[in-house]
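# Structural overview for review
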Amino acid sequence: MGVVTFKEALCLAALVSICYFNSLFGGFVFDDISAIQDNKDLRPTTPLVNLFRNDFWGTPMSEERSHKSYRPMTVLTFRLNYLFSGLNPAPYHLANCVLHWLVCLLYLATCYILVPTHAARFAAALFAVHPIHTEAVTGVVGRAELLSSICFLAALLCYSKSKGPQNSIVWKAIAGTVALIFLATLCKEQGITVVGVCCIYEVFVAQNLSLGELCSTALQLLQGKGAGSPAWLRTTSLKILVLLLCTLALVLVRVQVIQSQLPVFTRFDNPAAVTSSPARQLTYNYLLSLNGWLLLAPSALCCDWTMGSVPLVQSVFDPRNMATVVFYVIMGSLAWRTVWADTQEDRALSVALALTVLPFLPASNLFFPVGFVVAERVLYLPSMGFCLATGLGWQRLASRRQLYLFVSFGFAFLLATHGMKTLIRNHDWRTEYSLFTSALKVNKHNAKLWNNVGHALENQKAFGDALRYFVQATRVQPDDVGAHMNVGRTYKTLNQTKEAEAAYRMAKSLMPQVVPGKRYSARVAPNHLNVYLQLASLIRANESRLQEADQLYQQAIAMRADFKQAYISRGELLLKMGRAHDAKAAYETAIRLDEGNADLWYNLAIVHIELQERSEALRHFDMALSINPTHRLVLFNSALLMHELGEAWRFPEARRRMLQYIELEPGDERGYFNLGMVAMDEGQTEESESWLRRAIKLRPDFRSALFNLALLLSQTGQELRALPVLDDLLLYHPYHTKALVLRGDILLNQLQDHEGARRAFYRVLELDPGNVQSSHNLCVVLYDEGQLVEAEQCLQRVQALAPSEAYVQRHLAIVQAKLAQQAQAEGVGSETETHKADRLPKTDEPLGGDGREAGKVARRVKRAAEHGGSGDGTSEAESASNFGDTQKGTELVDEVRKTNLEHGQNSGDSARYTNVERKRQEALRRLEEIEKILDGNL
């Protein structure tokens, strides 16, 4: 029977569903974070070609820190997941479960071509529920194993059809096998080992040979009796030669992809890799027996076996060497049985052994070191051979009638216990905290696990608990740089800076000594060189230690000249130290190391802004956008800079970029505010008002938007509409003096509400007793009410506050002149009448001039005030309300500049409020005309 039936497919689906349904409720844990959440290659904005340039974790293969795991087809499936479901983990887990079911189907089909039906079904059922698979199925990064296994089994099945009638070669099957081998390798590196399994299958199953027959044939060839060689020799040799040549080609391509560099691992990843002989060989061989035990009795499962999980086997007298001997005795006995195979069962066992051994060789450390001691997910493919061998053993026992019931019960019990273990193990993989705490029950001497539990608690903001785990990690592994860094970072979070610095310095002391010109190789994560950056970050908070922090950055760069982050951090520090030119050089070096990094171009643009090189800043902003057209910070700040330059021809592009920004960040009120500012400069008052109101809708207490909206309305003759806006502004910001001044001015000039204006100006003086403008405006209120004596006294106080303000002196002179004229016109009149301007005689008698002309002058001045507005004052602008209230334009423009500066814009942009300035200048010219008339009549 070689075809999987629908019923069998349903049964396997049921087994997979029962065992793995609870995996759908898990999140992204452990390596999923780096491979999924932090991997930019999954984002639709990343060019698809990057998948074939970067490793599994999104790091360029050309970089030394790359893990060299080249699995573009696996990353492509992650990218498809991201396209349909973003970072929702459930669809990723569901896809893994479906893929595991497909592997089970292909595995059952493969077993059918090797062993009898019952043995094949037993093997497939055991494979479906085996707990050793939880890391590969429940951990999302295990998809590499699943996809590689699908292509692996498909290649083996395809190769099984390569034998045609009369031992001919079916080249279509060979071509299909080669293509599937290529795909398997693009999913995960160990896929290439299917070539060896195909060769074993060809010799022992397809050609039905034994070692004796092979030796006999070889002897005949050596004796020159090739003419009588068997018919199978040519076809078998040709097929195996084609497979081997394809394998060689794949290996050469793979070497080119990793640029002839093996990944760099630390002694913490794989302690045996840096141990001298014979401890290294003894440990590696013992690890083979440990992996075999995990397949046989998967009770103590752990997500991480690095560091001290498996103590080194230092001596031949270590009792663990007995496990190694037993392992080799068992494997040797099985191998001996297969090479002298005389039954179909023994020949199938040869394939089972090949499936167990060959896929495991790349992870065995026997040929080259790998970045782990034991990894359960790499046993996914080797477990196929183990399950097949177990199925054969069950078939032999079940064939004895007296043992059938016992063996059947044992089979059911095995499936039930393995399935239950898988269910429980899936629950461990639900969160990082549950995963790592379960691992600590197995490996208490693994400092990485203590660190990882600490990280999980950090994510829950339980910093005190996290600190205890980090400290324990330093006790378990005192020379673990990363553990001391974690302790330092947590102390820093808890604001215990002295303890943090001590921990960082301990970590730094464990680093190699800096040797000029010598590069220090570090693993991608954790990057121990970051200890220099973290210690410098802690130190630079103290302004007196900036130079010391800079020395730390230089030490990191001396240890590794291509340490990009060190240049970036040093650039930030140099800016803080006022060394903008040096910061520019640091960022330029970082860009040479990573020209395709939009963030670096953005940082360099900021440096050019500091250097007042705005054109260069814009050029670098444009470079960043050419790399990443949706870079939010670049869009926002480049639009601000283009607006700040005040060149009208740039405004449309500034508007376009800000519109693009709010499409990406629709909830950021700053985008709408700055669109309102651009529209204001373009004279689009209605559009400006609309954008400002949208900003206020998102953030009702948005100070700058509220004030600029009130300013806009007051400058366009809509002072009464500005009042509610000012009320809202003062509700959230009751100490906003300029808003109080503007409100008082509107109440005074538009509503003649002297009392309301008086309260507003008095409030300003409570907040700022030395505010000359509000003091002066109170004098205006007194003048409007006809209280000339009080107005005179008020102006005298203002003059004492600001003796250099010429407009105060002139207005005081006007009031004093008017008082003198009233006294001259009325003689010794009523004191009350002399204090009330509205009781002046309505005649044409000259009051220091023509009375009607004076009234006309007052009305003209008031209109000037209505057009020019008023503000709060510490400026040199003139006053023009009735007799000349101070012009508001300059102060209000200053306020606009200040509020824009709060949101990232530079001050001093005289072109921002061109319309306001024009109106202010017109009002000042009218004021000069009025004062000439008044001066001429005094």
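Please read all numbers here as calculations on a predicted model, not as lab measurements.

On to the overall build of the protein chain, then. Helix and strand counts for the protein chain stand at 42 helices and zero strands. When each of the 938 residues of the protein chain is scored for burial, the buried share is 52%. Contacts in the protein chain between residues far apart in sequence, at least 24 positions, make up 65% of those at least 6 positions apart. Summed over all atoms, the accessible surface of the protein chain reaches about 41,100 Å², with 59% contributed by carbon and sulfur.

Proteins that are soluble and globular tend to have nonpolar side chains buried together. Counting 143 residues, the largest nonpolar core has Cys-303, Trp-305, Tyr-532, Phe-621 and Leu-692 as its most contacted members. Setting aside anything within four residues of it in sequence, one finds Cys-303 in contact with Phe-30, Glu-135, Arg-425, Trp-429, Leu-435, Phe-436, Ala-439 and Leu-449. Counting 79 residues, the second-largest nonpolar core is a separate cluster that includes Tyr-112, Val-115, Ala-136 and Val-137.

As a further point, take the packing of helix H24 (residues 564-576) against helix H26 (residues 598-610). With their axes 11 Å apart at the nearest point, H24 and H26 run at an angle of 20 degrees to one another. The pairing of H24 with H26 is recorded here as roughly parallel in orientation. Crossing of H24 against H26: the hand is left-handed. Together, Lys-564, Ile-568 and Leu-575 of H24 and Leu-600, Asn-603, Val-607 and Glu-610 of H26 make up the contact between the two elements. Tallied by class, the residues present in the contact of H24 with H26 amount to four nonpolar, one polar and two charged.

Moving on: the confidence of the model for the protein chain. Summary statistics for the protein chain give a mean pLDDT of 82 and a share of 83% for residues scoring 70 or more. By mean pLDDT, helix H40 (residues 851-868) is the weakest element of the protein chain at 27, and helix H4 (residues 89-112) is the strongest at 96. Taken together, the stretch residues 828-938 has pLDDT below 50 and engages in 221 contacts with residues farther than four places along the chain or on a different chain.

With that settled, consider unusual backbone geometry. Here the residue pair Ser-277 and Pro-278 is connected by a cis peptide bond, since its omega of 0 degrees sits within 30 degrees of zero. Looking at the secondary structure, you find Pro-278 in the loop between helix H11 (232-257) and helix H12 (279-296). With a phi close to 60 degrees, Gln-612 is a non-glycine residue in the positive phi region. For Gln-612, the position within the fold is in the loop between H26 and helix H27 (614-627). Of note in the backbone geometry, Gln-752 takes a positive phi value of approximately 55 degrees without being a glycine. Residue placement: Gln-752 occurs in the loop between helix H34 (737-749) and helix H35 (754-767).

Scanning all chains against the criterion turns up 40 salt bridges. Across the pair Lys-448 and Asp-304 runs a salt bridge whose closest N-O atoms are separated by 3.1 Å. In this pair, Lys-448 sits in helix H18 (residues 447-459) while Asp-304 sits in the loop between H12 and helix H13 (321-339), placing the two residues 144 residues apart along the sequence. For Asp-304, a relative accessible area of 4% puts it in the buried group. With its nearest N and O atoms 2.7 Å apart, the salt bridge here joins Glu-785 to Arg-758. Of this pair, Glu-785 sits in the loop between helix H36 (772-784) and helix H37 (788-801) while Arg-758 is found in helix H35, placing the two residues 27 residues apart along the sequence. The buried category is assigned to Arg-758, whose relative accessible area is 17%.

Each value, and the rule that gives it
- Residues numbered from 1 in each chain as written.
- Predicted model: local features only at pLDDT ≥ 70, side-chain atom pairs only at ≥ 80, totals over all residues.
- Heavy atoms only, no water.
- Helix = DSSP H or I, 4+ residues; strand = E, 2+ residues; numbered from the N terminus.
- Buried < 20%, exposed > 50% of the residue type's maximum accessible area, 1.4 Å probe, protein only.
- Contact = heavy atoms within 4.5 Å.
- Areas by Shrake-Rupley, 256 points an atom, 1.4 Å probe, with all protein chains shown as cover.
- Core = buried A, V, L, I, M, F, W, Y, C linked by side-chain atoms within 4.5 Å.
- Axes fitted to C-alpha atoms, helices over the stretch in contact; angles between N-to-C directions.
- Parallel < 35°, antiparallel > 145°, perpendicular 65-115°, else oblique.
- Left-handed = near helix turned anticlockwise from the far one by under 90°.
- Nonpolar A, V, L, I, M, F, W, Y, C, P; charged D, E, K, R; others polar.
- pLDDT = per-residue confidence, 0-100.
- Salt bridge = Lys/Arg side-chain N within 4 Å of Asp/Glu carboxyl O.

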